[in-house]
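The primary structure of each chain is shown beneath.
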Amino acid sequence: MEVRPLHILSVSLLLVSITTSGAAFAVCDVNIDPSRVVVRFGDPVTVNCSTTREDVLGAGWEASVSPVNEQKSKIAVWNVSSLTVWDAEPKCFINYNNEPRQCAEKLDLVIYKYPESVSLIAPEFMKIGVESNITCQVLDVAPARYVSVKLYKGDEQLGNRSFTHNSTRFPVNESIPFPVTPTRADNGAEYTCVAELQLGPGEPIKNSSLPFRMLPIDFEEQPILTVSENVEVNQPSTVRCELKNAFPPEEVQVELLINNEIHTNRSNMDNVYVEKSFTLDSVEPAAITCNVSLRSLSKSASRNVQGYVLPEPTLHTEAVLVNHTGIVTCSVDGSFPATATQRLLLNGLIVNKTHNSTPAQYEFKAEKELNGKMITCETELKLAATPVKKNQSTTFNILYPPTIKTHFPASKDLKEGETLSSHFDCEAEGNPPPKTVWLKDSKEFDSSKILTRTDGGVYQLKTMNNYGSAVATVTVTVGYEPSAINPAEESVPVLKGDSVVFNCTADGIPAPTYTWKHPEADNVKITTKDSVSTVTITGASSSNRGVYECHARNIHGNFTRKVTVEVTDYLIPIIAGVVVLIVLVIPILIMVLYYVYYKQHKTGEYNLKGKPSSANGSVAHNGKAADEIPLTQV
């Protein structure tokens, strides 16, 4: 422990002379050096006492240890090699020949002792949120009035206690409690007690305890054991042992005992609990205990678990033909305890109930509306903790012939390129679900087939199952857009003044309607009869010249055919005929003249008869005698 040097203050006491009414009086003149002495118990001490007066008879020190008496001396020295007396109280005195004959001055002496020990005392368990005392204990320290005791958390001062009103010179023992309310944030913080001796100016002399590491706990709540009081035999169940709000959680030990078998694996280090799956192999009760501990503290919770047996119920029913009678049976075998209740519920309403594991039955008349309705078999055990239920459900299976629920029109107009399936959605009802086919001319027809104009006719939709059939009939007309048949001409010539008639005929379903676009004229008449539209021009004139457009339309489309009417004057054909005649006569005349000329200059052609060829087989040449070659005119 560090010992600081003493600070010694020297103060001279000067007694001055006081003059009253011209008379002079002598005064005390005692000087102590040093005037204040701070010395550790057992250490040496030396103090001088002197005067400046000349009428000195002697000087000395009154003390309980090492007193001094010097005759005829103006100086007295109090010297102690080891000051081991707490109540020495040394006082310097000087005797004079004149008044005042004796003067005395007490030495300001402080004898101190370091504390023998400084210790920190804390409770074994400091609970979070609960005020507790941390006690600083200081042993064998003096003097008490210069002592202060402080409590620190790290560098933060939490408390300070001093003893300035304690005037005892002897060593004392002090125990100072400081109230502290721990929080979780204080976990691991270091607390220290510090004793300080402030003997004079400057830094005090300090002595500290060993640091105390704060480890607060929260262990107020009881462990929670979560498990059902009734557990199904041979089925996995879960038990959980949990301690809430414990701190520090990592120090909490959890032990779970199931029929004295220990399980300690923690599921999570932050949340203090153990969760375990277990299975009872009999209906005998099982003991489950949860033990939790934190340091030397411990708590426990226990529970007995009773096993039970409740098999799945059996629900028996069969398919029933409509308007016949059926029976549903609900039963359970082997329950423990054998007190199971059976219930039959139709659409959530109880229709029959039995007790003590007796089968429950329900007799019903099979109606089509009952098909698909839910029937449930429920079995229940009333146990100590809570009832246990199991159930099995099925639906009624009522067999009946099909019906067609979709409304079919007597007739339907479709368009070429469409399909039956795109226009007819058949909803048929029956059990078992019926098969549905399309028929035409008593033969099956693919409803996804692309329809053509030849597919119109009477169709039947037939749906059937093992218990009957149903048929819907519809007449289908397959329509298509118009296509023109007449007129075939693209140009119609007509002489001025003549009349002309031309028709427009188009094929389509439904029958098309006709409109014409033509040059406006009063002599044009349009009539329509039997799907034929006729244009009649009477006494054609130049105003009738132009394009005549026939437009045939129905709901599926339209078709347009154009005819060009050419109106010409009657002289134009005559002139054209003359020109044609001239063009034809001139070549004929040339041919006749040529023929006459040719006949006049014709050379004959002859055949050779009766004469053999020359010896070498060559034909005789021209220039031979004529009588040698007989000629026959061709």
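Numbering of residues starts from 1 in each chain and follows the order in which that chain's sequence is written. Local features in this predicted model are restricted to residues whose pLDDT is 70 or higher, and side-chain atom pairs enter the listing and the counts only when it is 80 or higher, whereas totals over whole chains, interfaces and linings include all residues. Neither water nor hydrogens contribute to the side-chain values; these are computed over all heavy atoms in the structure.

Structural notes on the confidence of the model for the protein chain
- Looking at the protein chain, pLDDT values average 85 and 87% of them are 70 or higher.
- Confidence drops under a pLDDT of 50 for residues 1-25, and excluding neighbours within four residues, the segment shows 45 contacts in the predicted structure.
- Values of pLDDT, the confidence the predictor places in each residue, fall between 0 and 100. Contacts are assigned to residue pairs with any non-hydrogen atoms lying within 4.5 Å of each other. Confidence drops under a pLDDT of 50 for residues 603-634, and excluding neighbours within four residues, the segment shows 19 contacts in the predicted structure.

Here's the deal with a nonpolar patch on the surface
- For patches, a residue must show more than 30% relative accessible area and have no salt bridge; joins then use 9 Å for like charges and 5 Å for nonpolar side chains, namely Val, Leu, Ile, Met, Phe, Trp and Tyr. Only the protein chains shown count as covering a residue, and every accessible area follows the Shrake-Rupley method with a 1.4 Å probe. Any Lys or Arg side-chain nitrogen located within 4 Å of an Asp or Glu carboxyl oxygen qualifies as a salt bridge. A cluster of nonpolar side chains, contributed by Ile588, Val592, Tyr595 and Val596, occupies part of the molecular surface with about 390 Å² of accessible area.
- A helix here means a DSSP run of H or I that spans at least four residues, while a strand means a run of E at least two residues long, and both kinds are numbered starting from the N terminus. With respect to the helices and strands, the residue isoleucine 588 is situated in helix α1 (residues 571-600).
- Residue isoleucine 588 is classed as exposed on the basis of its relative accessible area of 51%. Burial classes: relative accessible area under 20% of the type maximum marks a residue as buried, over 50% as exposed, and values in between as partly exposed (1.4 Å probe, protein chains only).

Here's the deal with the sheet that holds strand β31 (residues 341-346)
- Paired strands, as defined in this entry, are two strands with at least two bridges between them according to DSSP. With antiparallel pairing, the 4 strands of this open sheet are ordered in space as β32-β31-β34-β35. The two strands at the open ends of the sheet, each matched to only one other strand, are β32 (349-354) and β35 (388-395). Ignoring strand direction, the axes of neighbouring strands in this sheet form an average angle of 20°.
- Where strand β34 (residues 374-381) meets β35, 8 bridges bridge the pair, whose relative direction is antiparallel. Pairing of glutamate 380 across the sheet is with lysine 389, part of β35. To obtain each axis, a line is fitted to C-alpha atoms, and for helices this fit is confined to the stretch in contact; angles are then taken between N-to-C directions over 0 to 180 degrees.

Regarding the sheet that holds strand β7 (residues 68-71)
- Read across the open sheet, the 4 strands follow the order β7-β6-β9-β10; overall the sheet is antiparallel. Every other strand in the sheet has two partners, leaving β7 and β10 (102-106) as the edge strands with one partner each. Here the strands of the sheet are splayed against their neighbours by 10° on average, with no regard to which way each runs.
- Pairing geometry for strand β6 (residues 56-62) and strand β9 (residues 91-96), over 6 bridges, is antiparallel. Each bridged residue has a counterpart across the sheet, and for glycine 58 the counterpart in β9 is asparagine 95.

A word on the pattern of salt bridges
- Enumeration according to the criterion identifies 21 salt bridges in this entry.
- Here glutamate 99 ties to arginine 101 by a salt bridge, and the two come within 3.4 Å at their closest N and O atoms.
- Look at glutamate 99 and you get exposed, because its relative accessible area is 53%.
- Overall, arginine 101 belongs to the partly exposed group, its relative accessible area being 46%.
- With its nearest N and O atoms 2.9 Å apart, the salt bridge here joins arginine 343 to glutamate 378. Pair noted here: arginine 343 is in strand β31 and glutamate 378 is in strand β34, with a separation of 35 residues, a long-range link. Taken as a pair, arginine 343 and glutamate 378 share a single burial class, namely buried.
- In this structure, a network of salt bridges that share partners links the residues Lys150, Glu196 and Lys206.

Quick notes on the environment of glutamate 284
- Here glutamate 284 lies in the loop between β25 (273-278) and β26 (286-294).
- Glutamate 284 gets classed as exposed once you look at its relative accessible area, which sits at 54%.
- Sequence spacing of glutamate 284 and valine 305 is 21 residues, and the spatial spacing of their C-alpha atoms is 8.6 Å.
- In contact with glutamate 284, not counting residues within four places along its chain, are Val305 and Gly307.

Things to note about the state of the cysteines
- Here, the term disulfide refers to a pair of cysteine sulfur atoms separated by no more than 2.5 Å. For the structure on display, the rule yields 6 disulfides.
- Between the sulfur atoms of cysteine 241 and its disulfide mate cysteine 290 the distance is 1.3 Å. Separated by 49 residues along the polypeptide, cysteine 241 in strand β22 (residues 237-242) and cysteine 290 in strand β26 bring together distant segments of the chain.
- When its relative accessible area of 0% is taken as the criterion, cysteine 241 is described as buried.
- Assessed through its relative accessible area of 0%, cysteine 290 is described here as buried.
- Disulfide connectivity for the protein chain, with bonded cysteines indexed by sequence position, reads 1-4, 2-3, 5-6, 7-8, 9-10, 11-12.

So, unusual backbone geometry
- Each neighbour pair has its own omega, and for phenylalanine 247 with proline 248 the value is -10°, a cis peptide bond.
- Inspection of the secondary structure puts proline 248 in the loop between β22 and β23 (252-258).
- Cis geometry marks the peptide bond from phenylalanine 336 to proline 337; its omega dihedral reads -5°.
- Mapping proline 337 onto the fold places it in the loop between β30 (325-331) and β31.

What about the environment of serine 119?
- Along the chain, serine 119 turns up in strand β12 (residues 117-121).
- Relative accessible area serves as the criterion here: at 23%, serine 119 is assigned to the partly exposed category.
- On a C-alpha basis, the gap between serine 119 and leucine 210 in space is 6.8 Å, while along the polypeptide they are 91 residues apart.
- Excluding anything up to four places from it in sequence, serine 119 contacts Thr135, Cys136, Gln137, Cys193 and Ser209.

Structural notes on the pairing of strand β11 (residues 108-112)
- Of all the 5 residues making up β11, 4 are buried; the element is thus mostly covered by neighbouring parts of the structure.
- With 5 bridges joining them, strand β4 (residues 31-40) and β11 adopt parallel strand pairing. Counted as the bridge partner of arginine 36 is aspartate 108 from β11.

Section: the pairing of strand β15 (residues 156-162)
- Summarising the sheet, strand β14 (residues 147-153) and β15 pair through 6 bridges and their orientation is antiparallel. Residue pairing for β15: serine 148 is matched across the bridge by serine 162.
- The antiparallel pairing of β14 with β15 creates a hairpin that spans 2 residues between the two strands, and glycine 154 there sits at a positive phi of about 65°.

Quick notes on the packing of aromatic side chains
- Classification of ring pairs rests on two measures: the distance between centres of Phe, Tyr or Trp rings, Trp counted by its six-membered ring, which must be within 6.5 Å, and the angle between planes, read as stacked under 30 degrees, edge-to-face over 60 and tilted in between. The tally for this structure, following the rule as stated, stands at 13 aromatic pairs.
- On the numbers, 5.8 Å between centres and 55° between planes, the contact of tyrosine 112 with tyrosine 114 is tilted. The residues tyrosine 112 and tyrosine 114 share a single accessibility class, namely buried.
- Ring geometry for tryptophan 438 versus tyrosine 459: centroids 6.5 Å apart, planes at 75°, classification edge-to-face. Of this pair, tryptophan 438 sits in strand β39 (residues 435-440) while tyrosine 459 is found in strand β41 (residues 457-465), placing the two residues 21 residues apart along the sequence. An identical accessibility class is assigned to tryptophan 438 and tyrosine 459; each is buried.
- Of the aromatic side chains, those joined through ring pairs into one cluster are Phe408, Phe424, Trp438, Phe445 and Tyr459.
- One Lys or Arg, arginine 240, reaches over the ring of tyrosine 273 and ends 3.6 Å from the middle of that ring. Here, a charge over a ring means that NZ of Lys or CZ of Arg falls within 6 Å of the ring centre while also lying within 35 degrees of the ring normal.

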